[in-house]
Amino acid sequence: MRAVITGITGQDGSYLTELLLGKGYEVHGIVRRSSTLQRPRLDQQVHDQDIYGKRLFLHYSDLTDTTSLRRILTRIKPDEFYHLAGQSHVGLSFEIPESTCELTAMGTLRILEILRDLNPSPRFLHASSREIFGTPISSPQDEQTPVNPNSPYGAAKAFANQIVKVYRDSLGLFACNAICYNHESPRRAENFVTRKISLAAAKIKLGLQKELVLGNIDSSRDWGYAPEFVDAMWRMLQQSKPKDYILATGATHTVCDFIQYAFEHIGLDWRSYYRHDPRFQRPIEPQNLRGNSDLARKDLGWIPSTSIAELAAIMVDSDLQSLKNQQSNRSS
């Protein structure tokens, strides 16, 4: 089996790469050319001579470059295509709405247009988002809940989500949406709130930082563990018929809860270190976003098992170890 992944250097892309390689796939990643060649989430595979260049290949392109995308996909002829790339930070989308929509919405359409011309067309998965529901009319949300985004990112994802349905229903592509609720890991970027918290907790424990500065900590999230979510994505493309699936834990916790679990894990009282800063407030906070993943559990046999407390501990432990390694390297 041959798979293509956009966003391969991100959190989900790196975990999906490990999963597919473990299943014997040949994996091709689409990466943007940049001034740095560092791709830390893929370091282990890139530096493995038995994998890189033999079962893992990286190709330079961009979601705005249709010509190079078409050339790459025509040459590879993938069996499966996992579309995980795009501007994925909700708060940032208010600052760069045009580029968010260009990459997240139009980038998905460009890929679908290329795939419809391939013979045979690969099975296609688009990593959609709970942000398509924005301000939902009901909670929990399922696959039938109407979209109602309240951010540029949510609006872009809503377009991408719906255009995938159009190409599936009208043109016969095996195309589906993984409607993902928040899923975190030690590989989460540092501008996401869970990683801000885990990294701050680790630095405070080691005496490298004095406080944790955040915006609204009363907002709620349905948080899961990223490796479990990419497993569900793979399962979706192994089904006999394409469907959209909600991927969520079904449980919500506040940002404050995550802070408490992270600091409790290292024996600290978070209230001694937290400081509120209104500059980090979102223009609009999502409300009542909790997913109902019953269909995924029924069809895919997918059951998320990592609790919010376990997730916080995993992330804090990883950051602690990374910081200790950095200190050791500097002193040696």
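Above this text sits the structure in question.
This one's a predicted model, so the numbers in the text were calculated from it and none came from an experiment. (Residues numbered from 1 in each chain as written. Predicted model: local features only at pLDDT ≥ 70, side-chain atom pairs only at ≥ 80, totals over all residues. Heavy atoms only, no water.)

Caption draft 1: Expanded view of the environment of Glu184. Looking at the secondary structure, you find Glu184 in strand S7 (residues 183–184). Judged by relative accessible area, which is 2%, Glu184 ranks as buried. What Glu184 contacts, discounting residues up to four positions off in sequence, is Gln11, Thr194, Trp223, Gly224, Tyr225, Ala226, Leu311 and Met315. Within the local environment of Glu184, its side chain forms a polar contact with the side chain of Arg188, the two groups lying 2.9 Å apart. (Helix = DSSP H or I, 4+ residues; strand = E, 2+ residues; numbered from the N terminus. Buried < 20%, exposed > 50% of the residue type's maximum accessible area, 1.4 Å probe, protein only. Contact = heavy atoms within 4.5 Å. Polar contact = N/O pair within 3.5 Å; in protein donor to acceptor, adjacent residues only side chain to side chain.)

Caption draft 2: Fine view of unusual backbone geometry. With an omega of 5 degrees, the peptide bond between Asn119 and Pro120 qualifies as cis. Put simply, Ser139 and Pro140 share a cis peptide bond, and its omega is 0 degrees. Within the secondary structure, Pro140 sits in the loop between strand S5 (123–129) and helix H6 (152–171). The phi dihedral of Lys77 falls on the positive side, at around 55 degrees, and the residue is not glycine. Looking at the secondary structure, you find Lys77 in the loop between helix H3 (66–76) and strand S4 (80–83).

Caption draft 3: Local environment of helix H11 (residues 308–331). Taking 1.5 Å as the rise per residue, H11 with 24 residues should run 34 Å; its terminal C-alpha atoms sit 35 Å apart, in good agreement. Along H11, the residues that are buried comprise Ile308, Leu311, Ala312, Ala313, Met315, Val316, Asp319, Leu320 and Leu323. In this structure, the buried side of H11 is in contact with S7, helix H7 (193–205), strand S10 (224–225), strand S12 (253–254) and helix H9 (255–265). (Expected span 1.5 Å × (residues − 1).)

Caption draft 4: Spatial organisation of the packing of aromatic side chains. Overall, the coordinates contain five aromatic pairs when judged by the stated rule. Centre to centre, the rings of Phe81 and Phe124 are 5.7 Å apart; their planes meet at 40 degrees, and the pair counts as tilted. Here Phe124 lies in strand S5 and Phe81 lies in strand S4, a separation of 43 residues in the sequence. On the basis of relative accessible area, Phe124 is assigned to the buried category, the value being 0%. Between Trp223 and Phe258 the ring centres are 5.5 Å apart and the planes differ by 50 degrees, which places this aromatic pair in the tilted class. Separated by 35 residues along the polypeptide, Trp223 in the loop between strand S9 (220–221) and S10 and Phe258 in helix H9 bring together distant segments of the chain. Relative accessible area serves as the criterion here: at 3%, Trp223 is assigned to the buried category. Judged by its relative accessible area of 0%, Phe258 is buried. For the cation-ring pair, Arg123 lies above Phe174, with the distance from its terminal atom to the ring centre recorded as 4.0 Å. It is Arg187 that lies over the ring of Tyr15; its NZ or CZ is 3.9 Å from the centre. (Phe/Tyr/Trp six-rings, centres within 6.5 Å; stacked < 30°, edge-to-face > 60°. Lys NZ or Arg CZ within 6 Å of the ring centre and 35° of its normal.)

Caption draft 5: Local environment of the packing of H7 against H9. Between H7 and H9, whose axes approach to 10 Å, the crossing angle comes to 30 degrees. For the element pair H7 / H9, the angle class is roughly parallel. Regarding H7 and H9, the two cross each other, and that crossing is right-handed. Residues Val193, Thr194, Ile197, Ala201 and Ile204 of H7 form the contact with H9, whose own contacting residues are Val255, Phe258, Ile259, Ala262 and Phe263. The residue makeup of the contact of H7 with H9, split by class, is nine nonpolar, one polar and no charged. (Axes fitted to C-alpha atoms, helices over the stretch in contact; angles between N-to-C directions. Parallel < 35°, antiparallel > 145°, perpendicular 65-115°, else oblique. Left-handed = near helix turned anticlockwise from the far one by under 90°. Nonpolar A, V, L, I, M, F, W, Y, C, P; charged D, E, K, R; others polar.)

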